[in-house]
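# Chains, contacts and geometry: an overview
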Amino acid sequence: MLGVLVAYPLVRARASSRPIRFGGPVFLKSDDPAQLAHEHRRLGYSAAYCPPALPTDTDRIRAIRDAFAAENVVIAEVGAWKNMLDPDAATRRDNLNYVVERLALADAVGARCCVDIAGSYNPKYWYGMNPRNLSREFFDATVQNSRQVIDAVKPAHTRFTIEMMPWSLPDSPDAYLELIKAVDRRAFGVHLDVCNVINSPTRFYNNKAVIEECFRKLGQWVASCHAKDLAWIPEYNVHFAEVVPGRGEVDYAAYLKELSKLTVDAPLMIEHLKTPEEYDEGRAYIQRVASREGIDFA
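Let us look at the structure shown here. (Residues numbered from 1 in each chain as written. Predicted model: local features only at pLDDT ≥ 70, side-chain atom pairs only at ≥ 80, totals over all residues. Heavy atoms only, no water.)

### A look at the overall build of the protein
The condition that has to hold: Where helices and strands are cited, they refer to DSSP runs of H or I of at least four residues and of E of at least two residues respectively, numbered from the N terminus. This radius of gyration counts C-alpha atoms alone. The globule rule is 2.2 Å times how many residues there are, raised to the power 0.38. Relative accessibility decides the category of a residue: with a 1.4 Å probe and only protein chains considered, values under 20% of the type maximum give buried, values over 50% give exposed, and everything between is partly exposed. Note on contacts: a residue pair qualifies if any of its non-hydrogen atoms lie within 4.5 Å across the two residues. Per-residue and other accessible areas were derived by the Shrake-Rupley procedure at a 1.4 Å probe size, with only the shown protein chains allowed to occlude residues. For the purpose of counting charges, residues Lys and Arg are taken to be positive, whereas Asp and Glu are taken to be negative. His and the chain ends are not included. Charge coordinates come from a single atom per side chain, which is NZ of Lys, CZ of Arg, CG of Asp or CD of Glu.
Across its full length, the protein holds eleven helices and ten strands. A compact globule built from 298 residues should have a C-alpha radius of gyration of about 19 Å, and the protein, at 18 Å, falls within 12% of that. Burial analysis of the protein (298 residues in total) assigns 53% to the buried set. Restricting the contact set of the protein to residue pairs at least 6 apart, pairs at least 24 apart contribute 74%. For the protein, the exposed surface amounts to about 13500 Å²; the carbon and sulfur share of it is 52%. Put simply, the protein has 36 plus and 39 minus side-chain charges, and the middle of one group is 4 Å from the middle of the other.

See the structure below:
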C-alpha cells in the first residue's frame, strides 16, 4: 500500500501564525455535555479531552458533539492507554480490542485523534523499560498493531496516533517518520509530546532545537499535542521529572511558535498534573508565554 503514503498531500506544515486551540481537564462535577463544554470555555479552553462515552451510545455521542460544537470546543483526543505489546497473549488481545473501541469512539465523536503509546515488553509496567523496546521486533509489532487497529475501524474523521517515548520506539522524529512510512495508512498520525522525546542531557539543554526538529519533520501529521514541563533533579544519574509548565526548562516560546505555524488545527492539552490549582498555574503560564510572543488562542 505504498501508494497510499505517496498520495498523501506532502504540503509544508507552515503557515502564518494562527490561533492555537488549548485545553486541559476540567473538574466540574457533572456528566452533562453542555455543562462540561461551557466549563471549558469558562476556563479559556477551546479543546477538550473526550468525556466518558461508549462507541455504541449514539445519543451520548451526539450530545457531546453538539454541546462542544456549540461552544466552539473541539475534542482533541480519546486516550486508549493500553499495552498493545503486553507479554501475555490474552491480555495483549484484550488490550488491542480496547484500543479498537477507543478509536471507534474517537471517530464517532469527531476527535482529532485516538492516542496510545506503542506499549512495552516489560511484564510489570505497561509503559516500562525493556531492552526489546528498541528492537526491530518491537518496531514490526507496532506496525502490525497500528494497521490492525486502523483497519478494524477504518476511521473517516480521526487519526490513530502513537506518542514518542523516552525508552521505546518511536523515540525520535526520525524513528516516527520511519513508523509512518511502515504503517502506510492515511489514518495514522502523530501525537506530539515534546517532553517524551527529551531523554538525554543533550536534548534537555537543546530542547528548542528538538522541538523545532519535531515540527519540521512531523508537522504535517500532527493531530494533537501534550503540555507539561521537565526539570532536571540533581542526582548522581540523569533524572528528568515532569513538573507544572513554567517550573521546568522546556522552551514554551518555541513550542507555541511552532504549533501556531501548523496548517492543521492541532490542540495543545495540559496533562499529568496533580490538582486543579496546578492546572490553573500551568494554564496561566502558557497563556503568559503566548501573550508575550504575540500568539493568540482560539
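Picking up after the structure, the text goes on.
### What about the nonpolar core?
Applied cut-off: We call a set of buried Ala, Val, Leu, Ile, Met, Phe, Trp, Tyr and Cys residues a nonpolar core when their side-chain atoms join them within 4.5 Å.
Counting 84 residues, the largest nonpolar core has Phe68, Phe160, Phe188 and Leu268 as its most contacted members. By residue number, the principal contributor to this core is helix H5 (residues 136-153), which donates seven residues. Non-local contacts of Leu268, meaning those with residues more than four positions away in its chain, are made with Ile20, Arg21, Phe22, Gly23, Cys225, His226, Ala227, Tyr255, Leu256, Leu259 and Ile286.

### Some remarks on helix H4 (residues 89-109)
This is how it is decided: Multiplying 1.5 Å by the residue count of a helix minus one yields the expected span of that helix. In the analysis that follows, any N or O atom pair within 3.5 Å is treated as a polar contact, provided that within protein one partner can donate a hydrogen and the other can accept it, and provided that, for residues neighboring in sequence, both atoms belong to side chains.
Look at H4: 30 Å from first C-alpha to last across 21 residues, which is about the 30 Å you get at 1.5 Å a residue. By the burial criterion, the buried members of H4 are Asn95, Leu96, Val99, Arg102, Leu103, Leu105, Ala106, Asp107 and Val109. One side-chain oxygen at the N-terminal end of H4 lies 3.3 Å from the backbone nitrogen of Ala90; it belongs to Asp88. Once H4 ends, the next one or two residues include Gly110, with phi positive near 75 degrees.

### Considerations on the side chain of Asn95
Relative to the assigned elements, Asn95 resides in helix H4. Note on Asn95: relative accessible area 9%, which makes it buried. Excluding residues that lie within four positions of it along the chain, Asn95 makes contacts with Lys82, Asn83 and Asp86.

### Things to note about the side chain of Asn130
Among the secondary structure elements, Asn130 is positioned in the loop between strand S4 (113-117) and H5. Here the side chain of Asn130 touches Arg132 through a polar contact of 2.9 Å, landing on its backbone nitrogen. Those residues within four positions of Asn130 in sequence are excluded, and the remaining contacts are Ser120, Tyr121 and Asn122.

### Remarks on the packing of helix H6 (residues 173-183) against helix H9 (residues 207-218)
To keep things clear, this is the line we draw: In this description, a line fitted to the C-alpha atoms serves as the axis of each element, helices being fitted only across the stretch in contact, and the angle between N-to-C directions of two axes falls anywhere from 0 to 180 degrees. Throughout this description, any angle smaller than 35 degrees is read as roughly parallel, any larger than 145 degrees as roughly antiparallel, any in the 65 to 115 degree range as roughly perpendicular, and the remainder as oblique. For any helix crossing, the convention is left-handed if the near helix is rotated counterclockwise from the far helix by under a right angle, and right-handed if that rotation is clockwise. In this classification, the charged set is Asp, Glu, Lys and Arg, the nonpolar set is Ala, Val, Leu, Ile, Met, Phe, Trp, Tyr, Cys and Pro, and all remaining amino acids, among them Gly, are polar.
Running from N to C, H6 and H9 cross one another at 20 degrees; their axes reach a closest spacing of 9 Å. In this view, H6 runs roughly parallel relative to H9, as classed from their interaxial angle. Considering only the axes of H6 and H9, their crossing is right-handed. Counted together, Pro173, Asp174, Tyr176, Leu177 and Ile180 of H6 and Glu213, Cys214, Lys217 and Leu218 of H9 form the full contact between these two elements. Looking at the contact of H6 with H9, its residues break down into six nonpolar, no polar and three charged.

### Regarding the pattern of salt bridges
Quick note on the threshold: Whenever a carboxyl oxygen of Asp or Glu lies within 4 Å of a side-chain nitrogen of Lys or Arg, that contact is scored as a salt bridge.
One pass over the full model with this rule turns up 21 salt bridges. The partner of Glu212 in a salt bridge is Lys208, with the nearest N and O atoms 2.7 Å apart. Within this pair, Glu212 and its partner Lys208 are both found in helix H9, separated by four residues, close to a single helical turn. Note that Glu281 and Arg247 form a salt bridge whose closest N and O atoms lie 2.7 Å from each other. Here Glu281, found in helix H11 (residues 276-293), pairs with Arg247, found in the loop between strand S9 (240-243) and helix H10 (252-261); they are 34 residues apart in sequence, far enough to count as distant. Connected via shared salt-bridge partners are Arg18, Arg21, Arg112 and Asp265.

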